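Coordinates in review
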Amino acid sequence: MRLSDCHNFSDFRRMAQRRLPGPIFNYIDGAADDEVTYRRNTESFETCDLVPNVLRGVSEIDMSVTVMGQKLAMPVYCSPTALQRLFHHQGERAVAKAAAKYGTMFGVSSLGTVSLEEARRISSGPQVYQFYFHRDRGLNRAMMQRAKEVGVEVMMLTVDSITGGNRERDKRTGFAIPFKLNLAGMLQFALKPAWAINYFTHEGFKLPQLDEHVDMGGGTMSISRYFTEMLDPSMTWDDVAEMVRLWSGPFCLKGIMSVEDAKRAVEIGCSGIVLSNHGGRQLDGSRAAFDQLAEIVDAVGDRIDVIMDGGVQRGTHVLKALSLGAKAVGVGRYYLFPLAAAGQPGVERALEQMRVEIERGMKLMGCSSIEQLSRKNLRFR
Ligand SMILES: Cc1cc2nc3c(=O)[nH]c(=O)nc-3n(C[C@H](O)[C@H](O)[C@H](O)COP(=O)(O)O)c2cc1C
């Protein structure tokens, strides 16, 4: 299978599956418990239909948006994800370059495998730093200070991961960092020698956002222990309010789902919230962001930028979310499978397909700019 054979999300997913050892593919593809929320995330877009208008003069299409003060050439950004150099040796470098080329934002995860500093040098586009709240408040402050010095535009605190989700696929394969593969898992790696050559002939695995603070690469701290031992389950709204004040720039909470929490985010001065269930990887059975979007936009949409992610695979999914009032839409697996399949050219091809789909969709909807999308364009079944 070649990159030119990939025309949509499923094609990229299939190509990634062929290239990656099973445990790594399943780490990306998998979700929590019975993966009900994961499935619902994409299905939720099928609960409504687009109602187009015609004869509106759509020769010029402007799909740019401004979100949390950042101007994006397209309304889709690459949501922060962990461990990207494990999927392809280019990792975050490929995503940063592709995002810059398409004029959009991308997020570096606390569990990212390329440093914030390097990502900044690669992309002049708006950069998001996704972080978790640690027990060690000094560490939280140090991480924010580092992000400030690097010139990160948006701080994104993930609030839906106060403990790790139950990823049963990973338990079955033995996927963990550091690797703790069982026999079946090892066999899967042996079956994909091209991945192994790619991985082992490039620089060693590192987590540069955490290396100074946690010895993960050396194997003394696993990612699951990082979640249980280093993150602070007692975190409250007051703690976050203090961080928002300290940052004094665009600050956003990722993983907000209730109206009550959305209102609290406004009160403590956040500039954005991302409705998200972490791609179904945390609380299985939780609602899909798209299902919850209208309620949140109605409650706080005039006071804070409402963003959503989860299950987005098509330009029309993005148009539906924007019609309901989202300011932008994040994608995870949509760019991770292309990254795993083909590195930077893969991510670029996926973003290009998204751009073209949004452009075509807007033309067919009779909209030449994003502001023209509204709930009038949608009917729920
Ligand atoms: C492999 C993988 C790793 C992820 N790592 C992180 C992370 O480190 N921090 C974070 O806030 N979200 C993380 N996410 C969640 C994404 O940012 C995003 O919310 C989710 O992928 C959206 O769903 P989608 O994959 O269906 O687009 C991860 C998702 C995946 C699939």
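Let us look at the structure shown here. (Residues numbered from 1 in each chain as written. Predicted model: local features only at pLDDT ≥ 70, side-chain atom pairs only at ≥ 80, totals over all residues. Heavy atoms only, no water.)

1. Some details on the side chain of Arg 333
Tracing the chain through its elements places Arg 333 in helix H16 (residues 333-342). Asp 29 provides the closest opposite charge to the buried, salt-bridge-free Arg 333, at an N-O distance of 5.1 Å. Within polar-contact distance, the side chain of Arg 333 engages the backbone oxygen of Ile 28 at 2.8 Å. At a separation of 3.0 Å, a polar atom in the side chain of Arg 333 contacts the main-chain carbonyl oxygen of Gly 30. Setting aside residues up to four positions removed in sequence, Arg 333 forms contacts with Phe 9, Ile 28, Asp 29, Gly 30, Ala 31, Tyr 38, Gly 279, Arg 281 and Pro 338. (Helix = DSSP H or I, 4+ residues; strand = E, 2+ residues; numbered from the N terminus. Buried < 20%, exposed > 50% of the residue type's maximum accessible area, 1.4 Å probe, protein only. Lys, Arg positive; Asp, Glu negative; His and termini not counted. Salt bridge = Lys/Arg side-chain N within 4 Å of Asp/Glu carboxyl O. Polar contact = N/O pair within 3.5 Å; in protein donor to acceptor, adjacent residues only side chain to side chain. Contact = heavy atoms within 4.5 Å.)

2. Concerning the site of the ligand
Around the ligand, a shell composed of 22 residues is seen, among which Ser 79, Pro 80, Ser 109, Thr 158 and Gly 311 lie nearest. Here an oxygen atom of the ligand sits 2.8 Å away from a polar atom, N or O, in the side chain of Asp 309. Among the elements of the structure, helix H2 (22-29), strand E4 (76-81) and H16 are those that each provide at least two residues to the shell around the ligand. Per-element accounting of the shell around the ligand gives the leading share, three residues, to E4. Residues belonging to the shell around the ligand are distributed by class as follows: seven nonpolar, eleven polar and four charged. (Near = heavy atom within 4 Å. Nonpolar A, V, L, I, M, F, W, Y, C, P; charged D, E, K, R; others polar.)

3. Describing the sheet that holds E4
Two pairing modes exist for strands in a sheet, parallel and antiparallel, and in both the strands are linked by backbone hydrogen bonds. One closed barrel holds the eight strands; their spatial order is E4-E5-E6-E7-E8-E9-E10-E11, and the pairing between them is parallel. Along the sheet, successive strands turn relative to each other by an average axial angle of 25°, direction set aside. Sheet analysis places E4 next to strand E5 (residues 106-109), joined by two bridges and oriented parallel. Bridged to Thr 81 within E5 is Val 108. Sitting on the sheet, helix H14 (residues 289-300) is in contact with strand E9 (272-275) and strand E10 (305-309), with an inclination near 175° to E10. (Pairing = 2+ DSSP bridges. Axes fitted to C-alpha atoms, helices over the stretch in contact; angles between N-to-C directions.)

4. Digging into empty space enclosed by the protein
Scanning the model with the defined rule gives one cavity of 30 Å³ or more in all. The volume enclosed by the largest cavity comes to roughly 40 Å³. Lining the largest cavity, in full, are Tyr 132, Phe 133, Thr 158, Val 159, Ser 161, Ile 162, Leu 231 and Met 235. (1 Å grid on protein atoms, 1.4 Å probe; cavity = no way out; pocket = protein on both sides within 12 Å on 5 of 7 lines; lining within 4 Å. Points joined across faces, edges and corners; volume = space filled by probe spheres on them.)

5. Quick notes on the pattern of salt bridges
Scanning all chains against the criterion turns up 23 salt bridges. For the salt bridge of Asp 298 with Arg 375, the shortest nitrogen-to-oxygen distance reads 3.0 Å. Taken together, the residues Asp 298 in helix H14 and Arg 375 in the loop between helix H17 (344-365) and strand E12 (378-380) connect sequence positions 77 residues apart. Under the relative-accessibility criterion, Asp 298 is labelled exposed at 54%. For Glu 352, the salt bridge is made with Arg 355, and the minimal N-O distance between the two is 3.2 Å.

6. A short note on the pairing of strand E8 (residues 251-256)
Within E8, six of the six residues are buried, leaving the element largely enclosed by the surrounding structure. Bridge count for strand E7 (residues 154-158) against E8 is four bridges, and the pairing is parallel. When the bridges of E8 are listed, Leu 157 appears paired with Leu 253. In this structure, E8 lies alongside E9, joined through four bridges in parallel fashion. Within E9, the residue paired with Lys 254 across the bridge is Val 274. Regarding topology, helix H13 (residues 259-267) serves as the crossover connection from E8 to the parallel E9, and that connection is right-handed. (Right-handed = clockwise from strand over helix to strand, strands pointing away.)

7. Here's the deal with the packing of H2 against H16
A pair of packed helices is captured by two measures, namely the crossing angle of their axes and the spacing between those axes. Direction vectors running N to C along H2 and H16 enclose 160°, while the axes themselves pass 10 Å from each other. Put simply, H2 runs roughly antiparallel to H16. Our pair here, H2 against H16, has a crossing hand that is right-handed. Across from Phe 25, Ile 28 and Asp 29 in H2, the residues of H16 making contact are Arg 333, Leu 336 and Phe 337. Residues belonging to the contact of H2 with H16 are distributed by class as follows: four nonpolar, no polar and two charged. (Parallel < 35°, antiparallel > 145°, perpendicular 65-115°, else oblique. Left-handed = near helix turned anticlockwise from the far one by under 90°.)

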